[in-house]
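Single-letter residue listing:
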Amino acid sequence: MASGPGSAARADALLQLRGVNKRYGQAHVLRDVDLDVAAGEVVVLLGPSGSGKSTLCRCVNRLETVDSGEIVLDGTPLPAEGRELARLRAQVGMVFQSFNLFGHRTVLDNITLAPVRVRRLAPDRARARALELLDRVGLADKADAHPAQLSGGQQQRVAIARALAMDPRLILFDEPTSALDPEMIGEVLEVMTELAAEGMTMLVVTHEMGFARRAADRVAFMDQGRILETAPPEAFFDRPESDRARDFLARILRH
């Protein structure tokens, strides 16, 4: 059954947002956002462009600071700065729209850099883990390549492997397929679907309705900085509660 804009608190929540507000000058881009994501849950954020979805993701990873409200990860409020923030941030992977790989480094170097520098993992262990992850995302033969030698879909799969190399508790996906050619989208969504099936906790901003139907445990619909409703995908797509969600789906699913 769909819930209202402020869904009930969950005892098993790994991530909690309470009353989160964010402004850019006069633009109020997040308005009293409440959201829980349980351990092992996949929550997909849907909504029109400019509704605040990507900003919400960036606030969870403290790439943007909030003006008011609280973000709690595994029971610990996210601090504004310092070592404790770095420690908590290491538990949250992020996959960006534009890949954000280091162009001058090999694929293997891109994946091992953070585990060695941040987690102090021994280089040989980091390398072994990176090769295992490259095999998992279907790129075992690309370890020594540079990002410019890869397709967009391959680069995004490397970015997912890089996020996984930190053994995160949660992965944020900010429109991970929007910069890809249509034929490359499927290979990235396949990896994401496998992660969801394996129980990875995921918060996903996407316009891929098929992925939302197939892989999400819940959909949260945003408009003008607010979460208007949350529901399991079958309820949201078949019986949206808000007029705004019905209008959004009518426009999206018509094409």
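Just so we're clear, the structure is a prediction, and the values are computed from it rather than from any experiment. (Residues numbered from 1 in each chain as written. Predicted model: local features only at pLDDT ≥ 70, side-chain atom pairs only at ≥ 80, totals over all residues. Heavy atoms only, no water.)

Visitor: Could you give an account of the sheet that holds strand S5 (residues 76-77), with specific residues and numbers?
Guide: Reading across the sheet, the 4 strands line up as S2-S1-S4-S5 and stay open at both edges, with antiparallel pairing between neighbours. Of all the strands in the sheet, the pair left with one neighbour each is strand S2 (27-38) and S5. Examined bridge by bridge, strand S4 (residues 68-73) and S5 share 2 bridges and lie antiparallel to one another. Its bridge partner being in S5, Leu73 is matched across the sheet by Thr76. (Pairing = 2+ DSSP bridges. Helix = DSSP H or I, 4+ residues; strand = E, 2+ residues; numbered from the N terminus.)

Visitor: Can you explain the UniProt feature "domain: ABC transporter" (unreviewed entry) in the protein? Please cite residues and give values.
Guide: Taking the UniProt record as the reference, the feature "domain: ABC transporter" (unreviewed entry) is found at residues 15-249. Across residues 15-249, the secondary structure splits into 38% helix and 26% strand, with the terminal C-alpha atoms separated by 27 Å. (UniProt positions renumbered as here; feature names shortened; annotations may be inferred.)

Visitor: Run through empty space enclosed by the protein, naming residues and quoting values.
Guide: This structure, assessed with the given rule, holds 1 cavity of 30 Å³ or more. Reported here for the largest cavity is a volume of approximately 40 Å³. Around the largest cavity, the lining residues are Arg136, Val137, Leu164, Val191, Glu194, Leu195 and Glu198. Across the lining of the largest cavity, the residue classes break down as 4 nonpolar, no polar and 3 charged. (1 Å grid on protein atoms, 1.4 Å probe; cavity = no way out; pocket = protein on both sides within 12 Å on 5 of 7 lines; lining within 4 Å. Points joined across faces, edges and corners; volume = space filled by probe spheres on them. Nonpolar A, V, L, I, M, F, W, Y, C, P; charged D, E, K, R; others polar.)

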